[in-house]
Amino acid sequence: MGEAIVITSGKGGVGKTTTSANIGTVLALQGKKVCLVDTDIGLRNLDVVMGLENRIIYDLVDVADGRCKLNQALIKDKRFDCLTLLPAAQTRDKSAITPEQMKKIIDDLKREYDYIIIDCPAGIEQGYKNAVAGADKAIVVTTPEISSVRDADRIIGLLEQDENLSSPRLIINRIRNHMMKNGDMLEIDEIMNVLAIDLLGIVMDDEAVISATNKGEPIALNPSSKASIAYRNIGRRILGESVPLMALDDKPGFFQRVKKLLGMR
Amino acid sequence: MSNMQPLVTIRGRKDGLVLSLNDKCSYDSLILELKEKLLVDTRDHEGPLIPVRVEAGFRYLTKEQKDEITDIIRSKKKLYVDEFNSHVLSKEECENLLKQTQLTSKTTIVRSGQVLEIEGDLLLIGDVNPGARVIATGSIYVMGSLRGIAHAGKNGNHDAVIAASLMKPTQLRIGEVISRSPDNSNDSKNGQNTMECAFVDPTVKQIAIDRIQSLFKRNKQLARLT
């Protein structure tokens, strides 16, 4: 029996889809059977981030309505055999599916896969209710901005009321070290003080994430990027390892500079 | 009938009349005698209206019965009912009264969008986050950070106070008095370790915040907590 994890945030644009794609990828890298589920019906883009858009034939709504079998709608990733994607429909809206239908699909998937990563749409309406319906665990993504932390707080409140979910964990995304040092950005401690839930990981703001996303390749596949290492650490924490948080300092020390000169990374 | 004790006795006091109603007889005979008694007393008083205190003893008067008695007394030109006094309370009234003085403790974080409403005093072990709201008819004590909205004395009780280990509210309300945080509060490290308390300053009818120790001297009612 697998485990369904919903990735949510309340606010839009904080990196839910990118986080879902990368967590799915790092878990697949560790050899787990993973299924990514996009529940953002009408505004799907997990398939684009994964570079699988051209392979879509059936989608989530087709499965829910019984127009196809679950296996027919699942798309195998081009890089990993153990990673699949269940895409959302693009031509319908969030009300095209009910939480009960969603729960059934997730339960079916849990029999086949080790991890089901559910990408939740922004907002707290129907789309959110669908996304959390079948989930066992939740990961809340936030950025060090006051608006995003406020929405994360709201979402955590809703998640805590759901008795099917164990306590949610937090990922702080898009951290810019120099701004945090100057006090222009909320500090990690400040965010943790307000939200008061377990921290699953922190991810640096990295331009490589944008270029990788545009190529349809999750950043986690590129081991030289700081964001990639952060996602790999998050993946290991999900699997139960205890990995210390990354150092925020991105200035290379003397030793690293010598190593770099010698061309050994 | 005549040598029996009267069912209704009227006594004069310097602040008005006291009307004692017998609590053993039937309600109907009581009303009958009340009407009779008031009819006898037909002197026309000069001056202002006279307040009447109705002592019902161990009789429980329903809302309708109270209204009826009020109407009978009011029908006399110079009399009006000031208050009803009774030794008995209905269970509901009693529970309400209890609730008003009860201290309810909760262990939770009240998050954005959530509302925690309590009858009586609230002891919250946890935080009130921005965008969240805690409401009590009595006082509010937060063992944690108060960053959202706190509304104490919801039914207009100005003696209610709001105390918090970390006082960083977006808004404070006591009764109908509202105050908000200053727009430029950058002294985040200041007062980190002092517990603070908000109360209505009676001289200016505004909410003031002070160290919790100074309030203790000011308002002895707080001692009820202990």
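Look above for the structure.
Residues numbered from 1 in each chain as written. Chains lettered and ligands numbered in written order. Predicted model: local features only at pLDDT ≥ 70, side-chain atom pairs only at ≥ 80, totals over all residues. Heavy atoms only, no water.

**Student:** Please clarify how the overall build of chain B should be interpreted in this entry.
**Tutor:** Along the backbone of chain B there are four helices and 15 strands. For chain B, the residues scored as buried account for 39% of the 226 residues in total. If you take every contact in chain B between residues at least 6 apart in sequence, the share linking residues at least 24 apart comes to 38%. Of the roughly 13700 Å² that chain B leaves accessible, carbon and sulfur atoms contribute 52%. (Helix = DSSP H or I, 4+ residues; strand = E, 2+ residues; numbered from the N terminus. Buried < 20%, exposed > 50% of the residue type's maximum accessible area, 1.4 Å probe, protein only. Contact = heavy atoms within 4.5 Å. Areas by Shrake-Rupley, 256 points an atom, 1.4 Å probe, with all protein chains shown as cover.)

**Student:** What is the right way to read the pattern of salt bridges from this model?
**Tutor:** Side chains that differ in sign of charge can pair as their charged atoms come close. All names here are of chain A. Within the structure shown, the criterion is met by 20 salt bridges over all chains. Among the ionic pairs, Asp 108 bridges to Lys 104, the shortest N-O distance being 3.1 Å. Of the two residues, Asp 108 and Lys 104 both sit in helix α5 (residues 99-112), four residues apart, roughly one turn of that helix. Exposure remark for Asp 108: the relative accessible area of 23% places this residue in the partly exposed category. (Salt bridge = Lys/Arg side-chain N within 4 Å of Asp/Glu carboxyl O.)

**Student:** Can you help me understand the interface of chain B and chain A in this one?
**Tutor:** Much of the literature gives interface size as the accessible area that the parts lose upon coming together. Taken together, the contact pairs 10 residues of chain B with 12 residues of chain A. If you look at where chain B meets chain A, you find two salt bridges. Measuring nitrogen to oxygen at the nearest pair gives 2.9 Å for the salt bridge that ties Asp 153 of chain A to Arg 111 of chain B. For the pair chain B and chain A, the interface holds seven residue pairs in polar contact (both at pLDDT 80 or more). By residue class, the composition of the side of chain B that touches chain A is two nonpolar, five polar and three charged. (Polar contact = N/O pair within 3.5 Å; in protein donor to acceptor, adjacent residues only side chain to side chain. Nonpolar A, V, L, I, M, F, W, Y, C, P; charged D, E, K, R; others polar.)

**Student:** What exactly am I supposed to notice about the environment of Glu 119 of chain B here?
**Tutor:** All names here are of chain B. Here Glu 119 lies in the loop between β6 (115-118) and β7 (121-125). Classification of Glu 119 as partly exposed rests on a relative accessible area of 36%. Considering only alpha carbons, one finds Glu 119 and Ala 136, 17 residues apart in sequence, at a separation of 5.6 Å. Setting aside anything within four residues of it in sequence, one finds Glu 119 in contact with Lys 99, Gln 100, Gln 102, Thr 104 and Thr 137. Engagement of the side chain of Glu 119 in a polar contact is seen with the side chain of Gln 100, the distance being 2.9 Å.

**Student:** What exactly am I supposed to notice about the side chain of Arg 111 of chain B here?
**Tutor:** With respect to the helices, strands and loops of the structure, Arg 111 of chain B is situated in the loop between β5 (103-107) and β6. Among the residues examined, Arg 111 of chain B registers a relative accessible area of 0% and is labelled buried. Of the polar contacts made by the side chain of Arg 111 of chain B, one reaches the backbone oxygen of Leu 195 of chain A; its length is 2.8 Å. Sequence-distant contacts of Arg 111 of chain B, defined by excluding residues within four places in its chain, comprise Asp 153, Ile 156, Gly 157, Glu 160, Val 194, Leu 195, Ala 196 and Ile 197 of chain A together with Asn 129 and Ala 132 of chain B.

**Student:** Help me understand the nonpolar core in this model?
**Tutor:** Considering soluble globular proteins, one finds that nonpolar side chains tend to be buried as a cluster. All names here are of chain A. Residues Val 37, Leu 86, Ile 105, Leu 109, Ile 116 and Ile 118 are the most contacted members of the largest nonpolar core, which totals 53 residues. In contact with Ile 118, other than residues within four places in its own chain, are Ala 4, Ile 5, Val 6, Ile 7, Val 37, Thr 39, Ile 106, Ala 131 and Ala 135. Counting 37 residues, the second largest nonpolar core, distinct from the first, contains Ile 23, Val 49, Val 209 and Ala 220. (Core = buried A, V, L, I, M, F, W, Y, C linked by side-chain atoms within 4.5 Å.)

**Student:** For this particular structure, what's the right way to read the sheet that holds strand β8 (residues 198-204) of chain A?
**Tutor:** Pairing between sheet strands relies on hydrogen bonds along the backbone, with the strands arranged either parallel or antiparallel. Residues and elements named next belong to chain A. The eight strands are arranged β3-β4-β2-β5-β1-β6-β7-β8 in an open sheet whose pairing can be described as mixed. Because the sheet does not close on itself, it has two edges, and the strands there are β3 (75-76) and β8. Inspection of the sheet shows strand β7 (residues 169-175) paired to β8 by five bridges, in the parallel sense. Looking across to β8, one finds that Ile 171 is bridged to Gly 201. Along the sheet, helix α1 (residues 16-29) makes contact with β1 (3-8), β2 (34-38), β4 (83-86), β5 (115-119), β6 (137-142) and β7, crossing β5 at roughly 170 degrees. (Pairing = 2+ DSSP bridges. Axes fitted to C-alpha atoms, helices over the stretch in contact; angles between N-to-C directions.)

**Student:** Can you help me understand α5 of chain A in this one?
**Tutor:** At 3.6 residues per turn, the α-helix brings residues three or four places apart onto the same side. Residue and element names in this part refer to chain A. For α5, which comprises 14 residues, the first-to-last C-alpha distance of 20 Å matches the rise-based estimate of 20 Å (1.5 Å per residue) to within 8%. Those residues of α5 that sit buried are Met 102, Ile 105, Ile 106, Leu 109 and Lys 110. Buried positions in α5, seen along its axis, are confined to an arc of 145 degrees and lie on one side of it. Among the exposed residues of α5, those pointing more than 90 degrees away from its buried face are Glu 100, Lys 104 and Arg 111. (Expected span 1.5 Å × (residues − 1). Arc of directions from axis to C-beta.)

**Student:** What exactly am I supposed to notice about the pairing of β7 of chain A here?
**Tutor:** Within a regular strand, side chains alternate between the sheet's two faces. All names here are of chain A. Judged by how many residues are buried, β7 sits mostly within the fold: six of seven residues are covered. Relative to β7, β6 runs parallel, the two sharing four bridges. The partner of Ile 139 across the bridge, within β7, is Arg 169. With helix α7 (residues 146-161) bridging β6 and the parallel β7, this β-α-β connection has right-handed handedness. (Right-handed = clockwise from strand over helix to strand, strands pointing away.)

**Student:** Any chance you could explain the pairing of strand β8 (residues 133-136) of chain B here in plain terms?
**Tutor:** Residue and element names in this part refer to chain B. Sheet topology note: the β6/β8 ladder contains four bridges and is parallel. The residue of β8 that forms the bridge with Ile 118 is Ala 136. Where β8 meets strand β10 (residues 149-152), three bridges bridge the pair, whose relative direction is parallel. Within the sheet, the bridge partner assigned to Arg 133 lies in β10 and is Ile 149.

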